[in-house]
Amino acid sequence: MTQINNSDTKSESNNYTDTYTTRYGRKYNAATNYLLPMDEGDRSSSSIRRVYRDHQTPIKEQLEKGISVLDSACGAGAHWTLTMKEQYPNCVYTGVDISNVFPAEKYSSVNFVMGNISKRIPAPDESFDFAFQKLLGLAFTREEWDSNLKELYRVLKHGGYVELSEIYAVSACNTGPLMDQVMNAFKTISKSKAIIVDKAPYELEHLLTKAGFTNPMVIIRNMPLNHGEHGKLYWKCMRAAYEILRPQFAQVYPEWNEVSFFEDFLNSAEEECSDTKCYYEWKICYAQK
Ligand SMILES: C[S@@+](CC[C@H](N)C(=O)[O-])C[C@H]1O[C@@H](n2cnc3c(N)ncnc32)[C@H](O)[C@@H]1O
């Protein structure tokens, strides 16, 4: 890895502009099947985006010296980029997202650019030493996963690292009958859009190897829902996501069209989660080019 100049930015100009459709009274990016709206209130403290903002790739020394870092699909608020910048101020950061959800504030050595990461990451070949990508499980078809990983390979320097961080959002463990319904609704709506939320996260290391990366390392973290350490916070995050998805879930369970019915249902599911010790698995996989 080569050390970089702080004024270095790695994005390239591109013709990408974001377009939207309105469904269920919310704004969705028209260029993707991503299940969540772009106005999803990520700025709320309950957002899952604020969870696991660390990284596992063993490159602390390089990050401290200063390297070129990509936050692929950085999301509203770009929480990971900004947390990393605080911790490793000598790096130069590029955050890419398909929607213009970037922080309004300008930061030195941080560049945000719109782009579709499953088509072309808006950066020249071999631009980055480290590429991080978290929570795209609700966005990609199998073909999109393949082309996204090819793109990540292209923009990484030789010897650079990629890290993927994904939750198995449709496959919680130790579910009771109520959470089974949530999982069923989740699976049905993702399948209808060919999004492989139930499979791809299990296969991250194989997808990475297929794209040319070497030595994939896997770390699994458990994310308890409404029990154990941080369980209340994790439940709050997931509940916020289920509430956003309610109009889509209601295609499977029409009674969930009624907000108060669904809220009562989630109150019961919350209790069920602590009784059954329900949890999600969160998979982190890093590999090298
Ligand atoms: C759940 S958020 C995760 C954000 C961020 N990585 C985090 O963990 O805080 C998913 C983000 O991916 C973006 N996204 C979805 N499909 C995309 C695509 N094809 N190209 C670029 N960004 C995409 C969405 O706009 C959204 O901001």
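### Re the packing of helix α6 (residues 231-249) against helix α7 (residues 259-276)
Logical step 1: Relative to each other, α6 and α7 sit at 150°, their axes nearing to 11 Å. When the axes of α6 and α7 are compared, the pair comes out roughly antiparallel. Here α6 and α7 pass one another in a crossing that is right-handed. Across the interface between the two elements, W235, R239, Y242 and R246 from α6 touch F262, L266, E270 and C273 from α7.
Logical step 2: Of the residues in the contact of α6 with α7, the class split is five nonpolar, no polar and three charged.

### Some points on helix α2 (residues 79-87)
Logical step 1: Within the span of α2, buried status applies to H79, W80, T81, M84 and K85.
Logical step 2: Those residues of α2 hidden inside the fold are in contact with β3 (68-72), β4 (92-97), β5 (110-114) and β6 (128-134).

### Thoughts on the nonpolar core
Logical step 1: One finds V69, A131, V162, L208 and L225 to be the most contacted residues of the largest nonpolar core, which totals 80 residues.
Logical step 2: Top element by residues in this core is strand β9 (residues 279-288). It accounts for seven residues.
Logical step 3: What L208 contacts, discounting residues up to four positions off in sequence, is L149, V162, F213, P216, C285 and A287.

### Structural notes on the sheet that holds β6
Logical step 1: With mixed pairing, the seven strands of this open sheet are ordered in space as β5-β4-β3-β6-β7-β9-β8. Either end of the sheet is taken by a strand with one partner, and the two such strands are β5 and β8 (214-224). For this sheet the average axis-to-axis angle between neighbouring strands, irrespective of direction, equals 15°.
Logical step 2: Across five bridges, the pairing between β4 and β5 is parallel.

### Quick word on the environment of S190
Logical step 1: Relative to the helices and strands, S190 resides in helix α4 (residues 177-192).
Logical step 2: Here the alpha-carbon distance between S190 and N33, two residues 157 residues apart in the chain, equals 9.1 Å.
Logical step 3: Each residue touching S190, except ones within four places of it in the same chain, is listed here: L35, V170, I195 and V197.

### Observations concerning helix α3 (residues 142-155)
Logical step 1: Look at α3: 20 Å from first C-alpha to last across 14 residues, which is about the 20 Å you get at 1.5 Å a residue.
Logical step 2: E144, W145, N148, L149, E151, L152 and V155 are the residues of α3 that are buried. The arc enclosing the buried residues of α3, seen along the axis, measures out at 155°, which places them on a common side.
Logical step 3: Tucked into the core, α3 has its buried residues touching β3, β6, β7 (156-167) and α5 (204-210).

### Details of unusual backbone geometry
Logical step 1: We note that A78 has phi near 45°; this positive angle belongs to a residue other than glycine.
Logical step 2: By the element assignment, A78 lies in the loop between β3 and α2.
Logical step 3: Residue class for A78 comes out buried when judged on the 23 C-beta atoms lying within 10 Å of it.
Logical step 4: A positive phi is found at A194, a non-glycine position, where the angle reads about 65°.

### Observations concerning the pairing of β4
Logical step 1: Burial of β4 is extensive: six of the six residues sit out of reach of the surface.
Logical step 2: Taking every second residue as pointing to the same face, both faces of β4 are buried, with V92, T94 and V96 on one and Y93, G95 and D97 on the other.
Logical step 3: The sheet contact formed by β3 and β4 spans five bridges and is parallel. Residue pairing for β4: S72 is matched across the bridge by V96.

### What about the pairing of β7?
Logical step 1: With nine of twelve residues buried, β7 lies mostly within the body of the structure.
Logical step 2: At this point the chain moves from β6, through α3, to the parallel β7, and the crossover so formed is right-handed.
Logical step 3: Here β7 runs beside β9; their pairing, made up of seven bridges, is antiparallel. Following the sheet pairing, L164 is matched in β9 by C285.

### Here we look at the environment of C74
Logical step 1: With respect to the element layout, C74 can be found in the loop between β3 and α2.
Logical step 2: For the pair C74 and K134, spaced 60 residues apart in sequence, the C-alpha separation works out to 7.9 Å.
Logical step 3: The residues touching C74, leaving out its near neighbours within four places in the chain, are W80, T81, G95, V96 and D97.

### Considering the packing of α4 against α7
Logical step 1: Two numbers describe how α4 lies on α7: the axes approach to 8 Å, and their chain directions differ by 115°. The hand of the α4/α7 crossing is left-handed. Packed against α4, whose contacting residues are L178, M179 and V182, the element α7 presents F265, S268, A269, E272 and C273 at the interface.
Logical step 2: Residue composition of the contact of α4 with α7, grouped by class: six nonpolar, one polar and one charged.

Criteria and thresholds
Residues numbered from 1 in each chain as written. Predicted model: local features only at pLDDT ≥ 70, side-chain atom pairs only at ≥ 80, totals over all residues. Axes fitted to C-alpha atoms, helices over the stretch in contact; angles between N-to-C directions. Helix = DSSP H or I, 4+ residues; strand = E, 2+ residues; numbered from the N terminus. Parallel < 35°, antiparallel > 145°, perpendicular 65-115°, else oblique. Left-handed = near helix turned anticlockwise from the far one by under 90°. Contact = placed C-beta atoms within 7 Å. Nonpolar A, V, L, I, M, F, W, Y, C, P; charged D, E, K, R; others polar. Buried ≥ 20, exposed ≤ 12 C-beta atoms within 10 Å, placed from the backbone. Core = buried A, V, L, I, M, F, W, Y, C linked by C-beta atoms within 7 Å. Pairing = 2+ DSSP bridges. Expected span 1.5 Å × (residues − 1). Arc of directions from axis to C-beta. Right-handed = clockwise from strand over helix to strand, strands pointing away.

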